[in-house]
Every structure is written in structure tokens, then in C-alpha cells.
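# Fold and contact review
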Amino acid sequence: MFQILLAIVSLAIWASIFIYYFRDPIYEWLDNRFGKDTPLADLEAPDKQDDSHQQNKG
């Protein structure tokens, strides 16, 4: 039983060291995966820009 407890404690220590060392990439991944999405751009905006560009072209 002591060996199982020792293995669990050592895994917890290794996991905490790993998470502490790689915390910035892990936080970036979590924010990208579960964070708020940015709102999508207006779908008509590129068409309006294209029209104004064609009018200026002549």
C-alpha cells in the first residue's frame, strides 16, 4: 500500500513541476480552446470595400 501511495505522490509532484514549467503555453492553449471567441467580421464589409475600390478605379 505504501508503494502505491508513494507512486501517486511522485506522479503528483512530477505533474505539478511539468505544469509549472509549461504554464504559459498551457494557459495560451486553454484560452484558445475555452476562451471567448472574437466576433466575426461583417460579411458585407468586403463587398462594400470592393465596390468603393471599383468606383475609384474609374
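Before any of the text, the structure's been laid out above.
Just so you know, these numbers come straight off a predicted model, no measurement behind them. (Residues numbered from 1 in each chain as written. Predicted model: local features only at pLDDT ≥ 70, side-chain atom pairs only at ≥ 80, totals over all residues. Heavy atoms only, no water.)

### Points about the overall build of the protein
Using the following cut-off: By definition, any uninterrupted DSSP run of H or I lasting at least four residues is a helix, any uninterrupted run of E lasting at least two residues is a strand, and each is numbered from the N terminus. Throughout, exposure labels follow a simple rule: accessible area from a 1.4 Å probe, protein chains only, divided by the maximum for the residue type, with under 20% read as buried, over 50% as exposed, and the rest as partly exposed. In short, Shrake-Rupley with a 1.4 Å probe defines the accessible areas, and a residue's cover is counted only from the protein chains shown.
Within the protein one finds three helices and zero strands. Helices and strands in the protein line up, N terminus first, as α-α-α. Classification of the 58 residues of the protein by burial places 0% in the buried group. Within the structure as shown, the protein displays about 6,300 Å² of accessible surface, and the carbon and sulfur contribution to it stands at 62%.

### Considerations on a nonpolar patch on the surface
Short version of the rule: Surface patches are drawn from residues lacking salt bridges whose relative accessible area is over 30%; two like charges belong together within 9 Å, two nonpolar side chains (Val, Leu, Ile, Met, Phe, Trp, Tyr) within 5 Å. Salt-bridge detection follows one rule: a side-chain nitrogen of Lys or Arg within 4 Å of a carboxyl oxygen of Asp or Glu.
Together, Phe 2, Leu 5, Leu 6, Val 9, Ile 13, Trp 14 and Ile 17 make up an exposed nonpolar region whose accessible area comes to about 770 Å². Among the secondary structure elements, Leu 5 is positioned in helix α1 (residues 2–21).

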